[in-house]
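# Structure assessment
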Amino acid sequence: MEENIYELLRRYEFNRTEPETLKGLVEEAVKKGEEARREQEQLRQISRDILGELNQAGFIADVDLGGMEEITGQCAAGVDGSFQPVGGVGGKWYVPMSCALVSFPKGIQDAPVVEVDSHIEVIQEEQHRSIHAMSSEKMLQVETKAILRWAMRNEVSTLFIDGPIVDPPLCDQNDYVEYRCKAIKECLKRNITVVGCVKRAKDVHLKGYLQSKVLQQPNQQSRLKRFPTDLQLVAFLFAHCWRQGGRQEKGIYSRPVDVSGATQVYRLYRDHGVRIFSTFVQKNVGQQILRLDLPFAEAMLSDEKDLSRHCTEAVRRTFAWSYPQHNIPLPIFIAHSKCEIRKGCAEVLYQEILTSTRTTEPIDQIVALQLEARL
C-alpha cells in the first residue's frame, strides 16, 4: 500500500527539526503518552460503569439495518458550504465561498443533480474582529438560502446538512437566526426530514443532560466530569456496546436529547419555533461516530411516541445513505466535494485580483508587487 502523501510530509518536516529541539520534544512526548495511556485505562473503567447505569435507563438503542433499499429509493438531498479567506494585506480580505446542493430526486438509482452557488465576498478587517467568524456567517447565509430553496420545491424527502443545525454556534444575530429558522420550518411543514450531521462534536450538551436528568448522584456526576466532551464519552460507551456483541445487522444510537435550552443561541432558535434534539449514532464499529441534530417545530412535539418514531426514522435514513469509507451520508459527501475551496485555489484567485489592479503607472505596479510578495 502506498504511503499517504500527508504522512510523508509530516515525516519530512519532523526530520527537518533541529536535533537539540527534537530530543526534548520526543522525551516529553513519551512521558505524555504514558500519562495518556493511564488516563485511557481509567476512562475505560469509568465508562463501563456508566454504560451499565445508562442501559438500565434505556439510553442506548439498536436500529435494524435491514430494508435500507426502500429508503435509498426515496428522494434525498445534501447541503454543504465552503470558504477560504485570503489576502489581509492592507486590511482587505477576499473570501471565495461556495455552497452546493446535491439531490437524488428519484433515489440512489439516478445520477445526482448538482447545483453550486459561488462568489467572492470582500471583508474589511477594521469592521470585524474575526475574519474567519464573519466569513463563516456569510457562507452560512448562502447555505440557509439553499435550504430554503429546497423547501420551496415541496418534495417529500430527507435533507442532510453538513454540520450542526445551530450554526455558527455563537451567532446570536436575531435576523440571521430568524432567517435560518424560517428555512428549517418551511422544510418541516412540507414533510422534509432535516438532519444536521456533525462530525467533530466538541460540545458538552449530552453531559449536561445526563447530569441533570439521568445520573444525578454525586459519585455519578464526578465520573462524568472526567470526560472533556460528549464525543469522548460516547466513543467509550459505544466501544463497550460493540464489544458486548449481539448486534449483527444493527446500528446503535443514543436516546435523542432536547438541547433547545443548552445555550443562549439554542434558546433563540427555540424562541423562533425550532427545537433541536441531538443523538449520537454509529452504523458499525468501523464507521465514524456522528452527532445528528434533528430540528422539530413546536407542533410536532405533542406526542412523545411520535417524536421517538421521527428520531428513529432519521437515524435509519442516515445509516441508509452512509456508505462504507464515507462516514457521512452520500448527498453531503458529494456536496462537500463539489463546494470545497482549497487554500491554493483561493490564493490563485487573489493573485488574479491583484494582477488586474496593475496599470502602466509605476506606483500601482510597486504596490501590487508588495501585496503579492505577502501572499
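Residues numbered from 1 in each chain as written. Predicted model: local features only at pLDDT ≥ 70, side-chain atom pairs only at ≥ 80, totals over all residues. Heavy atoms only, no water.

Judged by how many residues are buried, strand β4 (residues 92-104) sits mostly within the fold: 11 of 13 residues are covered. Where strand β2 (residues 76-83) and β4 come together, 8 bridges link them in antiparallel fashion. The partner of Gly-78 across the bridge, within β4, is Val-102. Looking at chain direction, β4 and strand β5 (residues 113-124) are connected through 12 bridges and run antiparallel. Note on β5: the bridge partner recorded for Ser-98 is Ser-118. (Buried < 20%, exposed > 50% of the residue type's maximum accessible area, 1.4 Å probe, protein only. Helix = DSSP H or I, 4+ residues; strand = E, 2+ residues; numbered from the N terminus. Pairing = 2+ DSSP bridges.)

Here we take up the packing of aromatic side chains. What the rule picks out here adds up to 5 aromatic pairs. Summarising the aromatic geometry, the rings of Phe-104 and Trp-321 are spaced 5.2 Å apart at their centres and angled 45° between planes, so their arrangement reads as tilted. Taken together, the positions of Phe-104 in strand β4 and Trp-321 in helix α10 (residues 304-321) put the pair 217 residues apart, joining distant regions of the chain. Trp-321 carries the same exposure label as Phe-104, and that label is buried. (Phe/Tyr/Trp six-rings, centres within 6.5 Å; stacked < 30°, edge-to-face > 60°.)

So, on to the layout of surface pockets. Taken as a whole, the largest pocket holds about 1100 Å³ of empty space. The wall of the largest pocket is formed by 39 residues, among which Asp-162, Gly-163, Pro-164, Asp-167 and Arg-200 lie closest to the centre. Those elements that provide at least two residues to the lining of the largest pocket are β2, α4 (131-151), β7 (192-198) and α11 (330-339). With 7 residues, α4 is the largest single contributor of residues to the lining of the largest pocket. Taken together, the residues of the lining of the largest pocket break down into 16 nonpolar, 12 polar and 11 charged. In this structure, the second largest pocket encloses a volume near 380 Å³. Asn-191, Ile-192, Thr-193, His-310 and Arg-317 are, among the 20 residues lining the second largest pocket, the residues nearest its centre. Take the lining of the second largest pocket: its biggest share by element is 5 residues, from α10. Partitioned by chemical class, the residues of the lining of the second largest pocket number 10 nonpolar, 6 polar and 4 charged. (1 Å grid on protein atoms, 1.4 Å probe; cavity = no way out; pocket = protein on both sides within 12 Å on 5 of 7 lines; lining within 4 Å. Points joined across faces, edges and corners; volume = space filled by probe spheres on them. Nonpolar A, V, L, I, M, F, W, Y, C, P; charged D, E, K, R; others polar.)

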